[in-house]
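As a plain string of letters, each chain reads:
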Amino acid sequence: MKAYDMVIKNGIIVTATDVYKADIGIKNEKIIEIAKEIDSNSAGNVIDATDKYVFPGAIDVHTHLDMPFGGTVSSDNFETGTVAAAYGGTTTIIDFALQSKGESLKKALEIWHNKAQGKAFIDYGFHIAITDMNDEILDEMKELIKEGYPSFKLFMTYEGLRVNDDVLLKALLLAKEEGGLICVHAENFYIIDYLVKKFIREGKTHPKFHALSRPTIAEWEAVSRAVKIAQFANAPLYIVHLSCMEALKEVTYARNRGLPIMAETCPQYLLLSEERYEEEGFNGAKYVMSPPLRSSEHLQALWEGLKCGQLQVVSTDHCPFFLKGQKDLGKDSFDKIPNGAPGIELRLALLFSYGVMTKRITLQQFVEIISTNPAKIFGLYPQKGTIAIGSDADLVIFDPSIERRVTKELLHENVDYTPYEGFRITGLPVATIVRGEVVIKDGKLVGQKGYGKFLKRKNLMVV
Ligand code: DUC
Ligand code: ZN
Ligand code: ZN
């Protein structure tokens, strides 16, 4: 019997705290040894990682695969979406099981488990998006936290999905008591509703009016309100896809006072600005997402927020829709364009190229933001999110010398465009390993459909 199933030789290991050269020995899905030199004669598989970084598998805590939304369904399912994620170095996703009105949370989970079952190439967990709250749902939340579903999302906007402040307060109080975490999509519904109706009345239907109907003050107000309700409840709060500097200031102010407020941003809010909505014809629809893209001063502020640790995570909010056949549901009016954009595959390459290479963040911060913090916040640490003895052998071998220009053809997302077309990237994953199994190697998919397993989560940490 071999001492190791796999040995990764000569790589530069990067964790949230360290950068060092060592070999990694893997057996039965776990890292069992990290040493200067491991004898690879006793290994089933040897991967040479000379001159390459070895990162803990990246964790994307915000994806929408196979999600009914805006009159259609997001175009990546748990097969295509997890393949694209794996190509990009992501080894775990946490997707959203969306409660339908009048249905239980367990029903939502059953539906989402069926969507994922037998399809995923990488590991996955579920947050539960609560759209219809009552006392039974509060009881269900309690149960589900114990069963490995400790995080819940509430929408403060979107007709049909949104909840009022009383629901937010009840959910926060319960999560505080039971060890769960409430996540919010924070935008003010009434400001948006007023502006959307006004623009439509005035015949302003171009995609750019999507952005103009969701000004930063709508996000700022909702983030500010959510933070204050969390403060009253003495509960931790996680703000998803934060996009503007006013909202960041609210988070920073709260954190500086010691409050357990956490926030993520996404590559689109760091790298794409509102001028994109001016692209010719209907092309601005590619960027119709919520919150919308902002002006360049906001992008700058978000990078600062990452650098200073006021933003703890970069996720993708991957929610792809084909430009032809889906986004064009809103050809005649921006409010009918399904909200969302693809991004699951390029998160590491973009953050490495535009964050690490430009020295906006350090290599260790990069790992913290894409893997360690997501694992800690959402109850996967130290099983995932680090390279340590006993942790799952989820690893990304990353070649920092590869240079590419992004084209849609380079990617594996099931959608007909990428918002990052033409972006220059430096560094790409050359191998993605999930629990000791190679899923991607040298640009080829070698993993097995259905290998990805559902993850129960517990022991959430505030970072
Ligand atoms: N925002 C999007 O752009 N798409 C999916 C859901 C969301 O909140
Ligand atoms: Zn959202
Ligand atoms: Zn989302």
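Model, not experiment: these values are computed from the prediction.

Turning to the overall build of the protein, a few remarks are in order. Helix and strand content of the protein: 12 helices and 19 strands. Computed over C-alpha atoms, the radius of gyration of the protein comes to 21 Å, within 12% of the 23 Å expected from 2.2 N^0.38 for 463 residues, which places it in the range of a compact globule. With the C-alpha coordinates aligned to their principal axes, the bounding extent of the protein is approximately 70 × 50 × 40 Å. Across the 463 residues of the protein, 62% fall into the buried class. At a minimum sequence separation of 6, the contacts of the protein that also span at least 24 residues come to 76%.

Once that is clear, we can look at the coordination of the zinc ion (ligand 2). Protein coordination of the zinc ion (ligand 2) is provided by His185 (ND1) and His241 (NE2), with donor distances spanning 2.1 to 2.2 Å. Distance-wise, the zinc ion (ligand 3) is placed 3.5 Å from the zinc ion (ligand 2). Of the two residues, His185 is situated in strand S12 (residues 181-185) and His241 in the loop between strand S13 (237-239) and helix H8 (245-256); the sequence distance between them amounts to 56 residues. Side by side, His185 and His241 carry an identical accessibility label, which is buried.

Among the structural elements, Asn373 can be located in helix H12 (residues 363-377). Not counting residues up to four positions away in its chain, the partners in contact with Asn373 are Gln312, Val313, Glu368 and Val463.

For the zinc ion (ligand 3), every protein donor is listed as His62 (NE2), His64 (NE2) and Asp317 (OD), and the spread of their distances is 2.0 to 2.1 Å. Here the donor residues of the zinc ion (ligand 3) share one chain and are spaced in sequence as H-x1-H-x252-D.

What follows covers the UniProt feature "domain: Urease alpha-subunit N-terminal" (unreviewed entry) in the protein. UniProt records the feature "domain: Urease alpha-subunit N-terminal" (unreviewed entry) for residues 3-40 in the present numbering. Each end of residues 3-40 is marked by a C-alpha atom, and these two atoms are 9 Å apart; helix forms 0% of the span and strand 68%.

This part takes up the nonpolar core. Within the largest apolar cluster, 147 residues are counted, with the highest numbers of intra-cluster contacts made by Ile8 and Ile182. Looking at which element gives the most residues to this core, the answer is helix H7 (residues 216-233), with eight residues. With residues near it in sequence (within four places) discarded, Ile8 still touches Ala22, Asp23, Ile24, Ile26, Ile47, Ala49, Val54, Leu395, Ile397 and Ile433. Leu181, Cys183, Val240 and Ala375 belong to the second largest nonpolar core, which has 14 residues in total.

What counts as what
Residues numbered from 1 in each chain as written. Chains lettered and ligands numbered in written order. Predicted model: local features only at pLDDT ≥ 70, side-chain atom pairs only at ≥ 80, totals over all residues. Heavy atoms only, no water. Helix = DSSP H or I, 4+ residues; strand = E, 2+ residues; numbered from the N terminus. Rg over C-alpha atoms; globule rule 2.2 N^0.38 Å. Buried < 20%, exposed > 50% of the residue type's maximum accessible area, 1.4 Å probe, protein only. Contact = heavy atoms within 4.5 Å. Donors = N, O, S within 2.8 Å, 3.2 Å for Na, K, Ca; no water. UniProt positions renumbered as here; feature names shortened; annotations may be inferred. Core = buried A, V, L, I, M, F, W, Y, C linked by side-chain atoms within 4.5 Å.

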